[in-house]
Amino acid sequence: MMKVYVPNFHRAQESSCHLIAMLFSPSRPKVFHVYEFRKFSPTAVSSTFTVYQPEAFEQLVMGTGRSELDTLQVLMNTSIDAIRQELAAGGLPSLSSRTAERHPMDDPSFLPSPRLFEARRLAIACIVGIQSFFAYDPFIKLCFVVEQSFAPYHTASIDVLLTTGLIDYMGSLPNVSAGVHADELGERFDLDPRKLTTILRFLSTNGWVSETTESVFVLNRPALELVEGRDGRACAEFPREAQVSAVLQDWITHKDWRHSQSASETAKQFAVAVQAIGNCYSPGVLADYPWRSLPPTQTLVDCGGGQGAFSIALSKVCPSNKFIIQDLEGVVSRAEANVKAHIPGALESGRITVEAHDFFTPMPHHGDGYSFIFRHILHDWPGDRVIEILTQIAKAVGPKSKVLILENITRSPASNTNEYITLDDLSDTNEYKALSVPYHIPWDFGASGQTQQGLALAIMGILNSQERTLTQWTKLIEAANLRVTGVFPLRATLSVIECCAAERE
Ligand SMILES: C[S@@+](CC[C@H](N)C(=O)[O-])C[C@H]1O[C@@H](n2cnc3c(N)ncnc32)[C@H](O)[C@@H]1O
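Residues numbered from 1 in each chain as written. Predicted model: local features only at pLDDT ≥ 70, side-chain atom pairs only at ≥ 80, totals over all residues. Heavy atoms only, no water.

- Looking at an unreviewed UniProt entry, one finds the protein chain named O-methyltransferase 7, with Grifola frondosa as its source organism.

1. What to know about the confidence of the model for the protein chain
Part 1 of the argument: The predicted model of the protein chain has a mean per-residue pLDDT of 80, with 75% of residues at 70 or higher.
Part 2 of the argument: Within the model, pLDDT remains below 50 along residues 60-64, and this stretch shows 16 contacts once partners closer than five positions in the same chain are excluded.
Part 3 of the argument: Across residues 241-245, where pLDDT falls below 50, the model places 4 contacts with residues more than four positions away in sequence or in other chains. (pLDDT = per-residue confidence, 0-100. Contact = heavy atoms within 4.5 Å.)

2. Notes on the sheet that holds strand E10 (residues 352-356)
Part 1 of the argument: Strands sit in the order E10-E9-E8-E11-E12-E16-E15 across an open sheet of 7 strands; the sheet is mixed. The sheet terminates laterally at E10 and strand E15 (482-489), the two strands that pair on one side only. Taking the axes of each pair of neighbouring strands and ignoring which way they run, one obtains an average angle of 20° across the sheet.
Part 2 of the argument: Here E15 runs beside strand E16 (residues 495-501); their pairing, made up of 7 bridges, is antiparallel. Directly across from Val487, in E16, lies its bridge partner Ile497.
Part 3 of the argument: Strands strand E11 (370-375), strand E12 (403-407) and E15 of the sheet are contacted by helix H15 (residues 383-396), whose axis makes an angle of about 165° with E11. (Pairing = 2+ DSSP bridges. Helix = DSSP H or I, 4+ residues; strand = E, 2+ residues; numbered from the N terminus. Axes fitted to C-alpha atoms, helices over the stretch in contact; angles between N-to-C directions.)

3. Overview of the site of the ligand
Part 1 of the argument: By nearness alone, 15 residues border the ligand, and Gly304, Asp327, Asp358, Phe359 and Arg375 come closest of all.
Part 2 of the argument: Between the ligand and the protein, one listed contact pairs a nitrogen atom with a backbone N or O atom of Gly304 at 2.8 Å.
Part 3 of the argument: Within the contact set of the ligand, a nitrogen atom lies 3.0 Å away from a backbone nitrogen or oxygen of Phe359.
Part 4 of the argument: When the free accessible area of the ligand is taken as 600 Å², the share hidden by the protein chains comes to 76%.
Part 5 of the argument: Here the residues of the shell around the ligand sort into 6 nonpolar, 5 polar and 4 charged. (Near = heavy atom within 4 Å. Polar contact = N/O pair within 3.5 Å; in protein donor to acceptor, adjacent residues only side chain to side chain. Areas by Shrake-Rupley, 256 points an atom, 1.4 Å probe, with all protein chains shown as cover. Nonpolar A, V, L, I, M, F, W, Y, C, P; charged D, E, K, R; others polar.)

4. Points about the packing of H15 against helix H17 (residues 470-479)
Part 1 of the argument: Interhelical geometry of H15 versus H17 gives an angle of 50° and a closest axis separation of 8 Å. Of the possible angle classes, the one that applies to H15 and H17 is oblique. Judged by the sense of rotation from one axis to the other, the crossing of H15 with H17 is right-handed. Taking contact as the criterion, the partners of Gly383, Val386, Ile387 and Leu390 in H15 are, on H17, Trp473, Leu476, Ile477 and Ala479.
Part 2 of the argument: Across the contact of H15 with H17, the residue classes break down as 7 nonpolar, 1 polar and no charged. (Parallel < 35°, antiparallel > 145°, perpendicular 65-115°, else oblique. Left-handed = near helix turned anticlockwise from the far one by under 90°.)

5. As for the nonpolar core
Part 1 of the argument: Counting residues in each nonpolar core, the largest one holds 30 residues, and the members touching the most others are Phe372, Phe374, Leu378 and Leu390.
Part 2 of the argument: No other element matches H15, which puts 6 residues into this core.
Part 3 of the argument: The residues contacting Leu378, other than those within four sequence positions of it, are Val386, Ile389, Leu390, Ile405, Glu407, Arg468 and Trp473.
Part 4 of the argument: Counting 28 residues, the second largest nonpolar core, distinct from the first, contains Trp291, Cys318, Val339 and Ile343. (Core = buried A, V, L, I, M, F, W, Y, C linked by side-chain atoms within 4.5 Å. Buried < 20%, exposed > 50% of the residue type's maximum accessible area, 1.4 Å probe, protein only.)

6. Some words on the pairing of strand E7 (residues 216-219)
Strand residues, when the strand is regular, have side chains that alternate between the two faces of the sheet.
Part 1 of the argument: Burial of E7 is two-sided: the residues Val216 and Val218 facing one way and the residues Phe217 and Leu219 facing the other way are all buried.
Part 2 of the argument: Two strands pair when backbone bridges link them, and strand E5 (residues 180-181) and E7 are joined in this way by 2 bridges, in the antiparallel orientation. Bridge pairing in E7 places His181 opposite Val216.

7. Details of the sheet that holds E5
Part 1 of the argument: The strand order across the open sheet built from 3 strands is E5-E7-E6, with neighbouring strands paired in antiparallel fashion. Every interior strand has two partners, whereas the edge strands, E5 and strand E6 (209-213), have only one.
Part 2 of the argument: As defined by bridge partners, E6 adjoins E7 across 4 bridges and the pair is classed as antiparallel. Looking at E7, one finds that Thr213 is bridged to Val216.
Part 3 of the argument: Of the strands in this sheet, E6 and E7 are in contact with helix H7 (residues 193-204), which crosses E6 at around 115°.

8. Some thoughts on the environment of Ser157
Part 1 of the argument: Considering the arrangement of structural elements, one finds Ser157 in helix H4 (residues 138-164).
Part 2 of the argument: Distance in space between the C-alpha atoms of Ser157 and Ile199 is 6.0 Å, their sequence separation being 42 residues.

9. Quick notes on the environment of Ser282
Part 1 of the argument: Along the chain, the position of Ser282 falls in helix H11 (residues 264-288).
Part 2 of the argument: C-alpha of Ser282 to C-alpha of Arg491: the two residues are 209 residues apart in sequence and 8.9 Å apart in space.

10. Thoughts on a nonpolar patch on the surface
Part 1 of the argument: Together, Ile124, Ile127 and Val128 give the surface a local cluster of nonpolar side chains, amounting to about 230 Å² of exposed area.
Part 2 of the argument: Looking at where Val128 falls in the secondary structure, it is placed in helix H3 (residues 114-131). (Patch = residues over 30% accessible without salt bridge, like charges linked within 9 Å, V, L, I, M, F, W, Y side chains within 5 Å. Salt bridge = Lys/Arg side-chain N within 4 Å of Asp/Glu carboxyl O.)

11. Some remarks on the side chain of Glu86
Part 1 of the argument: Summarising the element assignment, Glu86 is placed in helix H2 (residues 68-89).
Part 2 of the argument: Apart from residues no more than four positions distant in its own chain, Glu86 is found in contact with Ser113, Arg115 and Leu116.

12. What to know about the pairing of E11
Part 1 of the argument: Within E11, 5 of the 6 residues are buried, which leaves it mostly tucked inside the rest of the structure.
Part 2 of the argument: Taken together, the 4 bridges between strand E8 (residues 299-302) and E11 define a ladder with parallel strand orientation. Within the sheet, the bridge partner assigned to Val301 lies in E11 and is Phe372.
Part 3 of the argument: In this structure, E11 lies alongside E12, joined through 4 bridges in parallel fashion. Considered in E12, the bridge of Phe372 is made with Val403.
Part 4 of the argument: Viewed along the sheet, the connection from E11 through H15 into E12 turns out right-handed. (Right-handed = clockwise from strand over helix to strand, strands pointing away.)

13. Details of the packing of aromatic side chains
Part 1 of the argument: This model, assessed by the stated rule, comprises 9 aromatic pairs.
Part 2 of the argument: Ring centres of Phe117 and Tyr432 lie 5.5 Å apart, and the angle between their planes is 90°; on these two criteria the pair is classed as edge-to-face. Here Tyr432 lies in the loop between strand E13 (409-410) and helix H16 (450-463) and Phe117 lies in helix H3, a separation of 315 residues in the sequence.
Part 3 of the argument: A residue is classified by how much of its surface remains accessible, and Phe117, at 10% relative accessible area, is buried.
Part 4 of the argument: According to the relative accessible area criterion, Tyr432 is buried, its value standing at 10%.
Part 5 of the argument: Taken together, the aromatic side chains of Tyr289, Trp291, Phe310 and Phe488 make up a single cluster linked through ring pairs.
Part 6 of the argument: The ring of Phe360 is capped by Arg385, whose NZ or CZ atom sits 4.0 Å from the centre of that ring.
Part 7 of the argument: Lying across the ring of Trp473, Arg468 places its NZ or CZ 5.0 Å from the centre. (Phe/Tyr/Trp six-rings, centres within 6.5 Å; stacked < 30°, edge-to-face > 60°. Lys NZ or Arg CZ within 6 Å of the ring centre and 35° of its normal.)

Right, here's the structure in full:
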């Protein structure tokens, strides 16, 4: 029997400093018992990790001896190897940013294998972590610090590419990879090539373009997501600037909004941007919760279902279930039109019903024949209002009903499991499990959490919404007389919190 002491192993999960002793049993070489000591006095066994690969042991003990840099380097190599293997296994081409070709992974409908998804998250977290190490050279340190203050310059430079039409032109050249000289761009768009070169050179530092020979610029693969018609364009066009002056400019000059007379157009533009992000995550949401485990005889009530996009997509995954899309009076007609367009006959046959319902009032559908879905709803409401909404549902659920809350849970990969999950555990499986957070990697995989954290910030700024931790969600759910029965991380910015009636066994 071998004893390994790992100080601070739970750093990522717990605030207090723990000392962990792992007992490694040669007779059962694949099982670690993890003991937890607080203030150097043993408490109960905290958990048992089943570890399938030595790599996991590596990751667990790395915190003891290895430096942070060594750890990140090993993890980065591990993740890049896994990405390469997954691309090969999926018959996908190798990756390049300096290409005019869109990679299959760039398509919003592409669902990466669980291992590829997690390896990408880990790689990005490592790369940005390592980047921060080299901030000690005075010049680079200066660059690193000012990177943050230069962030708006990136936004402004990208906006120039979009509003002038440069990006669409560069993206539509017969040979995109050949690039185009700044003089030619200047002449064609009546712009000063000197200023243009300064902007394009700045954008090359972040990989949007490359300067292949002096003043000749080519779009790199990430920039192709910004050409007209791509989801990235919709996100980039949403006015992000907080200052009224900057937003005002959009209302005066933006091609779609310059003549707009309606305040609700803002919401529409926001909805387009959010829809674009949603498109990238829908495949993961549909694949990673066991939707087919819902009784096929149940009707799924999509509460605040908006334009019906989720029910329409889910109805293809759950072909036997019926759906009810509920929303406020003024919204349901759009849902109706969408259902008609995407699933002809579904309204007439009763497979999908659209109905006006205010979720603060008693739910008209009761009992085991129904489960209830809330996607991107509850984060729009303060805690007391969330309890009111869920209380209406708690009064309606039967013992077999589920209440499924799809939200961005902050501070989580929120795994449903006690296992220590490594990239090796995700080999040859389509079952997604969130990777356990390795030592020296931030709890949300750092830079990989940018979309999730950025969205939380954006909707807080725009709608005064609030994302919540699992603990905060659990409190609200229990206050409404419901109970959490499971948490499902997804290959998405969302997780599913599965609930049932509080009194159900
Ligand atoms: C952020 S959208 C989410 C839409 C949809 N669940 C989705 O994920 O695409 C919020 C929705 O809640 C609806 N809503 C707001 N207040 C409501 C209420 N009192 N009763 C029912 N729906 C409401 C809005 O009309 C809007 O469609």
